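Residue-level structural notes
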Amino acid sequence: MTKYLFFTGGVVSSVGKGVTAAALGRILKARGLTVAVQKLDPYINVDPGTMSPYQHGEVFVTEDGAETDLDLGHYERFIDINLSQLSNVTTGSVYAEVIARERRGDYLGGTIQVIPHITNEIKRRIGLVAEDSQADVVLVEVGGTVGDIESLPFLEALRQMRADVGIANTLYVHVTFLPYIGASRELKTKPTQHSVRELRGIGINPDVIIARADHPIPDEHIRKISQFCDVEPRAVIPAVTSDILYEIPLLLEETGFGDYVIEKLGITGASKPILTEWRQMIDELRQPKRSIRIGIVGKYVEFHDAYMSVRESLYHAGISNNRRVDVEWIHSGDLEKGKGWELFQGLSGVVVPGGFGERGVEGKILTAKWARENKVPYLGLCLGMQVMCIDFARHLLDSDEPNSTEFDAHTKHPVISLMPDQHNLSDMGGTMRLGVYPCYLKSGTKAANAYGQELVSERHRHRWEFNNQYRELLSENGVTLSGLSPDGRLVEIAELDDHPFMVGSQFHPEFKSRPNRAHPLFSAFLKASVDYQESHLNGSKGTAEAATEEPSK
Ligand code: GLN
């Protein structure tokens, strides 16, 4: 019998509900159980693929090409599993399905209503994850905060689940926040009490309350929450903010939450938690280390969530290279205006991540030029690979003309362009090249050395491709096209020959990196950055000794 844990949020959003669910997933997996996860997002977009990163943060791409919520990234990294499109459900996708059925006449003249039609569809989707994964435990997280109008159908569906699959198989976990009042120096439990009352009004009595706080939580607060919210004291789990994200499973384990879940859900066959490796990783992270400054150049850099997986992958590569990575966020739009170049001083490496649209792209091309001319390690991800090729073509042809047709539809040198079969697309949603594709690596190249294998499979999310008409120009003049699709038609990785490490991939390696298994390209990039730091930069803060120049005019 599948066991279900339902996560709701209270008080405020962004308190780490996703990370908490992911961390619980890790400690259940550490007990030998199989775990599946699903995020229910109450917004009306069919998926986050068409949403601005400012609104939604990064779009996380699964193996099967679903564009999903960034919490799925936390789940994959913490639990070390690959999720599928079934793991992200939105109001938009639920309604789209129900309305399509209604148009087909499937409801035989019935009136279509939120209850039961929408709620049934939500429950069907939850069931699909259970069925597809055959997991012992399914974790379901509802986005937003209890009290939001739009999450009501999801909460109603979860309420019904208890009767459908049995009390013994369901556990409701409410994640709340205890605000800290500076003047009186105390944490407050009242918002938690209100939020639980709200949840009860909907018909859900939480079995567990996870109290998030930025300060240690006194026992008396735990007792108070227990008393006011009808949850036994051991089911009130303190979750104090940690400076190391990946420590959360260990902190959660210490509270006894894992054992509590096993007991309450009557799970048989769980072993003692084996977290030795994870613990070693955290001990390793706790050791003081030399820091290394790596720049991320993008147009959404004020909002770090927009580059969540990229930043995490850099941290993972830091773990495997014995460095603490300090990210320097650099706005590509500023660079175009000649501003912000001082931030490049003392960088040991620079990453240009993915992006869409014209704004800020010239700043990214200039970044590639800077890394090329100063021989500073560069990792280009998707758009970052495209701008690297554009810069090199501009350099070879001594012209500003080379571009992507995404930014200049009539450029004389479309180094990046659409493939012939892509020209007639009209819908923006879900029509990109999405999900995993195989890629063959050319032996002896930096990419092949990084992976140590010949065939890899990586996740894509882009529309434009390297234009094969420019293969000769680039590959005969200093660029190696080190990764190609199996039919040889698509350039997946390009790298500069006369450079310590300038590699760009058309895919997004950041979606496959794990804390305990840094992605090979990130790891190789960071290793090159460490070499650069050791040979060019001095001082633990990475202060510049060898000054790097702004890109030449
Ligand atoms: N905008 C580019 C394309 O669609 C790059 C996409 C990306 O970086 N994810 O091809």
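Residues numbered from 1 in each chain as written. Predicted model: local features only at pLDDT ≥ 70, side-chain atom pairs only at ≥ 80, totals over all residues. Heavy atoms only, no water.

**Details of the site of the ligand**
Near the ligand you find Gly354, Gly355, Phe356, Cys382, Leu383, Gln386, Glu406, Arg461, His462, Arg463, Trp464 and His508, and these make up its full shell. In the model, an oxygen atom of the ligand is placed 2.9 Å from a nitrogen or oxygen of the Gly355 main chain. For the ligand, a nitrogen atom lies 2.7 Å from a polar atom in the side chain of Glu406. Computed on the free molecule, the ligand has an accessible area of 300 Å², of which 99% lies beneath the protein chains in the complex. Broken down by secondary-structure element, the contributors of at least two residues to the shell around the ligand are helix H15 (383–397) and strand S19 (455–462). Taken together, the residues of the shell around the ligand sort by class into 4 nonpolar, 5 polar and 3 charged. (Near = heavy atom within 4 Å. Polar contact = N/O pair within 3.5 Å; in protein donor to acceptor, adjacent residues only side chain to side chain. Areas by Shrake-Rupley, 256 points an atom, 1.4 Å probe, with all protein chains shown as cover. Helix = DSSP H or I, 4+ residues; strand = E, 2+ residues; numbered from the N terminus. Nonpolar A, V, L, I, M, F, W, Y, C, P; charged D, E, K, R; others polar.)

**Description of the sheet that holds strand S6 (residues 137–142)**
Read across the open sheet, the 7 strands follow the order S5-S2-S6-S1-S7-S10-S11; overall the sheet is parallel. Each edge of the open sheet is held by one strand with a lone partner, namely strand S5 (88–90) and strand S11 (236–240). On average, each strand axis in the sheet is tilted by 20° relative to the strand beside it, whichever way the strands run. In this sheet, strand S10 (residues 208–213) lies alongside strand S7 (residues 170–177) in parallel orientation, the contact comprising 5 bridges. Bridged to Phe177 within S10 is Arg212. Sheet contacts for helix H5 (residues 114–133): strand S1 (3–9), strand S2 (35–41), S5 and S6; angle to S2, the most-contacted strand, approximately 160°. On the sheet, helix H7 (residues 190–201) packs against S1, S7 and S10 and is oriented at approximately 145° with respect to S7. (Pairing = 2+ DSSP bridges. Axes fitted to C-alpha atoms, helices over the stretch in contact; angles between N-to-C directions. Contact = heavy atoms within 4.5 Å.)

**Looking at the pattern of salt bridges**
Pairs can form between side chains of opposite charge whenever their charged atoms are close. One pass over the structure, following the stated rule, counts 39 salt bridges. In this structure, the salt-bridge partner of Arg101 is Glu121, at a minimum N-O distance of 2.6 Å. Placement of Arg101 in helix H4 (residues 91–104) and of Glu121 in helix H5 is noted, with a sequence separation of 20 residues between them. Looking at Arg101, the relative accessible area reads 16%, which means it is buried. One salt-bridge network, in which partners are shared between bridges, spans Glu63, Glu76, Asp80, Arg459, Lys512, Arg514 and Arg517. (Salt bridge = Lys/Arg side-chain N within 4 Å of Asp/Glu carboxyl O. Buried < 20%, exposed > 50% of the residue type's maximum accessible area, 1.4 Å probe, protein only.)

**Side note on the pairing of S6**
Of all 6 residues making up S6, 6 are buried, and the element is well covered by its neighbours. Two strands pair when backbone bridges link them, and S1 and S6 are joined in this way by 5 bridges, in the parallel orientation. Its bridge partner being in S6, Lys3 is matched across the sheet by Val137. Here S2 runs beside S6; their pairing, made up of 6 bridges, is parallel. Within the sheet, the bridge partner assigned to Val37 lies in S6 and is Leu139.

What is shown is where atoms sit, not what they do.
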